Amino acid sequence: MSFEFSVLSSEHLLDAPIISVRRDRVTMPTGEANREIVEHFGAIAVVCEKDGEIVLEKQYRHSVGKHLWELPAGLLDKPGEPALDCAARELREEVGLHADTWSLVTDLVTSPGFCDEAVRIFHATGISEVPRPEAEDEEADLTWQWVPLDKARQMVLNGEICNSIAIAGIMCCGLNDRGVDTPFELRPHALAGRKEALKSHDAGTQ
């Protein structure tokens, strides 16, 4: 039988708008150890395909100081919002597109060594244009274009696309798509629960 890891104690270290950090004391096969965990809302990404081409965005990412090729994506930061609703909203807000047909490409965890972020990647087809709202912050600098799917896959292999979520979506879409009602078991809840508890506490003290 595999060892059963358990949390002995937990300490909250940092709170920020889109992350939180905690330290867990965890039982290990050889004793106990601390593990720092970055809590995340979770996110969605969309492989938006039309006539054999997909939408690729180029967006500045301050953590690496570069503009990266990515898929349309967004945070699951609205409490209780279904992942599919978030995907449709982000597709509209980022690139002004609507999809009639959706399927699930895959779920992935981006950095399981220290972060609970999980991302659900959708495959969207039946595409039409819709009004796009005014963008803010990094998204005001965002550019996008239609790229043949085969070319996007070659961009992955050439190292031009290094965003792990984009790589997974581009390389896997259409190969074994599943229904969008597949349970999102990896979706994180710690940060959303912490934010909601804080909001309730603040409301109760007013």
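Residues numbered from 1 in each chain as written. Predicted model: local features only at pLDDT ≥ 70, side-chain atom pairs only at ≥ 80, totals over all residues. Heavy atoms only, no water.

1. Some thoughts on the overall build of the protein
Working step 1: Along the protein, the regular secondary structure elements total four helices and ten strands.
Working step 2: The N-to-C order of helical and strand elements in the protein reads β-β-β-β-β-β-β-α-β-β-β-α-α-α.
Working step 3: Reported as C-alpha extents along the three principal axes, the dimensions of the protein are approximately 55 × 50 × 35 Å.
Working step 4: When each of the 206 residues of the protein is scored for burial, the buried share is 39%.
Working step 5: Excluding contacts between residues fewer than 6 apart, the proportion of contacts in the protein whose partners are at least 24 apart in sequence is 62%.
Working step 6: Approximately 11,600 Å² of the protein is accessible, and the part contributed by carbon and sulfur atoms is 52%.
Working step 7: Across the protein, the 20 positively charged side chains and the 36 negatively charged ones have centroids separated by 3 Å. (Helix = DSSP H or I, 4+ residues; strand = E, 2+ residues; numbered from the N terminus. Buried < 20%, exposed > 50% of the residue type's maximum accessible area, 1.4 Å probe, protein only. Contact = heavy atoms within 4.5 Å. Areas by Shrake-Rupley, 256 points an atom, 1.4 Å probe, with all protein chains shown as cover. Lys, Arg positive; Asp, Glu negative; His and termini not counted. Charge placed at Lys NZ, Arg CZ, Asp CG, Glu CD.)

2. Some points on the packing of aromatic side chains
Working step 1: Counted by the stated rule, this structure contains three aromatic pairs.
Working step 2: With centroids separated by 5.0 Å and ring planes inclined at 80°, the aromatic side chains of Phe-3 and Phe-5 adopt a geometry described as edge-to-face.
Working step 3: Owing to a relative accessible area of 37%, Phe-3 belongs among the partly exposed residues under this scheme. (Phe/Tyr/Trp six-rings, centres within 6.5 Å; stacked < 30°, edge-to-face > 60°.)

3. Brief notes about the UniProt feature "domain: Nudix hydrolase" (unreviewed entry) in the protein
Working step 1: The sites that carry the UniProt feature "domain: Nudix hydrolase" (unreviewed entry) are, in the present numbering, residues 38-169.
Working step 2: End-to-end, the C-alpha atoms of residues 38-169 are 23 Å apart, and along that stretch the chain is 22% helix and 45% strand. (UniProt positions renumbered as here; feature names shortened; annotations may be inferred.)

4. As for the nonpolar core
Working step 1: Counting residues in hydrophobic clusters, the biggest one holds 22 residues, and the most contacted among them are Ile-54, Leu-56, Leu-71, Val-119, Ile-121, Ile-161 and Ile-170.
Working step 2: Taken together, the elements giving at least two residues each to this core come down to strand E4 (43-50), strand E5 (53-61), strand E8 (97-109), strand E9 (118-129), helix H2 (149-158) and helix H3 (164-172).
Working step 3: Leave out the neighbours within four places in its chain, and Val-119 touches Ala-43, Ile-44, Ala-45, Thr-106, Asp-107, Leu-108, Thr-110, Ile-165 and Phe-184.
Working step 4: If you look at the next biggest cluster of nonpolar residues, it comprises 18 residues, including Ile-44, Val-46, Leu-91 and Phe-122. (Core = buried A, V, L, I, M, F, W, Y, C linked by side-chain atoms within 4.5 Å.)

5. Quick look at the state of the cysteines
Working step 1: Counted according to the given criterion, the structure contains zero disulfides.
Working step 2: Considering cysteine sulfurs only, Cys-173 is the nearest to Cys-48, which forms no disulfide, with 11 Å between them.
Working step 3: For the unlinked cysteine Cys-115, the closest cysteine sulfur is that of Cys-86, found at 16 Å. (Disulfide = S-S within 2.5 Å.)

6. Some thoughts on the side chain of His-123
Working step 1: Positionally, His-123 belongs in strand E9.
Working step 2: A polar side-chain atom of His-123 sits 2.7 Å from a polar atom in the side chain of Asp-177.
Working step 3: Beyond its immediate stretch of four places on either side in the chain, His-123 contacts Val-47, Glu-49, Thr-101, Trp-102, Ser-103, Val-105, Cys-173, Gly-174 and Asp-177. (Polar contact = N/O pair within 3.5 Å; in protein donor to acceptor, adjacent residues only side chain to side chain.)

7. Let's talk about the packing of H2 against H3
Angle between the axes and distance between the axes: these two values describe a pair of packed helices.
Working step 1: Across the interface, H2 lies against H3 with an axial gap of 9 Å and an inter-helix angle of 135°. What the angle tells us is that H2 and H3 run oblique. Judged by the sense of rotation from one axis to the other, the crossing of H2 with H3 is left-handed. Residue-level contacts link Leu-149, Ala-152, Arg-153, Val-156 and Leu-157 of H2 to Ile-167, Ile-170 and Met-171 of H3.
Working step 2: Here the residues of the contact of H2 with H3 sort into seven nonpolar, no polar and one charged. (Axes fitted to C-alpha atoms, helices over the stretch in contact; angles between N-to-C directions. Parallel < 35°, antiparallel > 145°, perpendicular 65-115°, else oblique. Left-handed = near helix turned anticlockwise from the far one by under 90°. Nonpolar A, V, L, I, M, F, W, Y, C, P; charged D, E, K, R; others polar.)

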